[in-house]
Every structure is written in structure tokens, then in C-alpha cells.
Amino acid sequence: MGRIEKQVSEGTVKYYWYPGDKREWKRAAISVGIGLGAFLVLYMMTRDLLPAVVGGTSVTAAVSGVNFGRRDARALTTFPTLTGRSARIAAVTQTGRAAWRGLVHGLGGATAAVLILNLPHAGVIADWILPVVPAVVGALAHQAGMLAEQLPAAKPEAPAATAVPAAEGAK
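Residues numbered from 1 in each chain as written. Predicted model: local features only at pLDDT ≥ 70, side-chain atom pairs only at ≥ 80, totals over all residues. Heavy atoms only, no water.

S.K.: Would you mind showing me how to read the UniProt feature "transmembrane region" (unreviewed entry) in the protein chain here?
M.R.: Under the UniProt annotation, the feature "transmembrane region" (unreviewed entry) is placed at residues 28-46 and 52-69. The span residues 28-46 is 100% helix and 0% strand, and its two end C-alpha atoms sit 27 Å from each other. With 100% helix and 0% strand, the stretch residues 52-69 has end C-alpha atoms that lie 25 Å from each other. (UniProt positions renumbered as here; feature names shortened; annotations may be inferred. Helix = DSSP H or I, 4+ residues; strand = E, 2+ residues; numbered from the N terminus.)

In C-alpha cells form, the structure reads like this:
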């Protein structure tokens, strides 16, 4: 939960609470901005809304998916063992946050599909394949984000002791 503090008077501070963290809101704005940029570039190149909307929503879904995947991977590494009451409360809190991220990610994919379906195009590709492209890209990016977050945590293995050939060991 984020908070904005506003000094009302000398002895009074007013707090405004908002869901999430300020960094995450910035990352969301960046992903939407990159998606809008991709939309504009594709529209300028093709002068057609269908590829521009599919490309822009796919780029937004990819950047958001990587961010959601990284957050989910971090949450998994800090997931508490369920031994005490406070650990169960922390687990419920983390599960709720993961459910919220999943809801937002799913709603984004559904919104992109509805947006693409309402464009003035017809055909099997425009009606059945292109609407699911942003959701698939977002899901794959989510997995890539989880993997990318786990890779730096992997410690390199210690080099194995070099084996002495049997002929040299006998000398």
C-alpha cells in the first residue's frame, strides 16, 4: 500500500492511501507508454489499425508480463512457512496480492481481445487468432520475468576437482 503525505497545517498531516507501490505504478505507466509508442510507429508504417492495435497491446502485455513475473517470483521466494498465526496472515496477504496481479493481467488480455475484435476487419485471422495474441505474449512474458528473476539468484556451481588420469596416479 502506498501513501502520499500532505501537510495541511503546522500540526496536521493528511494521508492519501493508494493500492500498490509507487514504483509499480511507474512501471505500469512505462509499459503503457511503450505500448502507445509501438502503436504509433506501427500505425505510421502501415496506416492500418489492426496491426497497430495488436502490436501496441502485445508490447504493453509483454512489458507488464515481465514486471508481473518478476514480482511473482520475488513473492514466491519470500513466501512464509505456515507455522504461526502471523505467518498465515502474511501468506494470505501475499496470496491476495498475487490474485490481484492475476486479475489485472487477465483483465488486460481480455480488454485487448475485445478491442481487437471491435476493429473493422473480418476473417479467420482477424477474428480468431489476433485477439488472443496479446494475452499469449503477456503469459509468455510473465514466465520469462519469473525465469529472469530466478536466474541471478542461481549460484554457480563450484568447479569439480580435476580427476587425475589412472596412468599418472600410478607413477
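S.K.: Explain the pattern of salt bridges here, please?
M.R.: Pairing between side chains of opposite charge can happen when the charged atoms of each approach one another. In total, this model carries three salt bridges according to the counting rule given. Its salt-bridge partner being Arg27, residue Glu24 comes within 3.1 Å of it at the nearest N-O pair. In this pair, Glu24 and Arg27 are both assigned in helix 1 (residues 22-46), three residues apart and thus about one turn of the helix distant. A relative accessible area of 24% means that Arg27 is categorised as partly exposed. Residues Arg70 and Glu149 are paired through a salt bridge, measuring 3.1 Å at the closest nitrogen-oxygen approach. Here Glu149 lies in helix 5 (residues 133-150) and Arg70 lies in helix 2 (residues 49-77), a separation of 79 residues in the sequence. Taking the relative accessible area as the measure of exposure, Arg70 reaches 27% and is therefore partly exposed. The class for Glu149 is partly exposed, based on a relative accessible area of 22%. (Salt bridge = Lys/Arg side-chain N within 4 Å of Asp/Glu carboxyl O. Buried < 20%, exposed > 50% of the residue type's maximum accessible area, 1.4 Å probe, protein only.)

S.K.: How do you make sense of helix 1 when you look at a structure like this?
M.R.: The α-helix winds at 3.6 residues per turn, so residues separated by three or four positions along the chain end up facing the same way. Under the 1.5 Å per step criterion, the end-to-end length of helix 1 is 36 Å for 25 residues, consistent within 8% with the ideal 36 Å. Residues Glu24, Ser31, Gly35 and Ala38 constitute the buried set of helix 1. Against the buried residues of helix 1 lie helix 2. Note on helix 1: the residue one or two positions beyond its end, Arg47, has a positive phi of about 55 degrees. (Expected span 1.5 Å × (residues − 1). Contact = heavy atoms within 4.5 Å.)

S.K.: Before we go on, may I ask you to explain the packing of helix 1 against helix 2 in this structure?
M.R.: Two quantities define a packed helix pair, namely the angle between the axes and the distance from one axis to the other. Close contact between helix 1 and helix 2 brings their axes to 7 Å; oriented N to C, the two are set at 155 degrees. Classified by the angle their axes make, helix 1 and helix 2 are roughly antiparallel. Here helix 1 runs over helix 2; the crossing is right-handed. Across the contact of helix 1 with helix 2, the residue classes tally to twelve nonpolar, eight polar and four charged. (Axes fitted to C-alpha atoms, helices over the stretch in contact; angles between N-to-C directions. Parallel < 35°, antiparallel > 145°, perpendicular 65-115°, else oblique. Left-handed = near helix turned anticlockwise from the far one by under 90°. Nonpolar A, V, L, I, M, F, W, Y, C, P; charged D, E, K, R; others polar.)

S.K.: Looking at this structure, I do not really get the nonpolar core. What am I missing?
M.R.: For soluble globular proteins, nonpolar side chains are generally found buried alongside one another. Counting seven residues, the largest nonpolar core consists of Leu50, Val53, Val54, Ile116, Leu119, Ala126 and Leu130. The element best represented in this core is helix 2, accounting for three residues. (Core = buried A, V, L, I, M, F, W, Y, C linked by side-chain atoms within 4.5 Å.)

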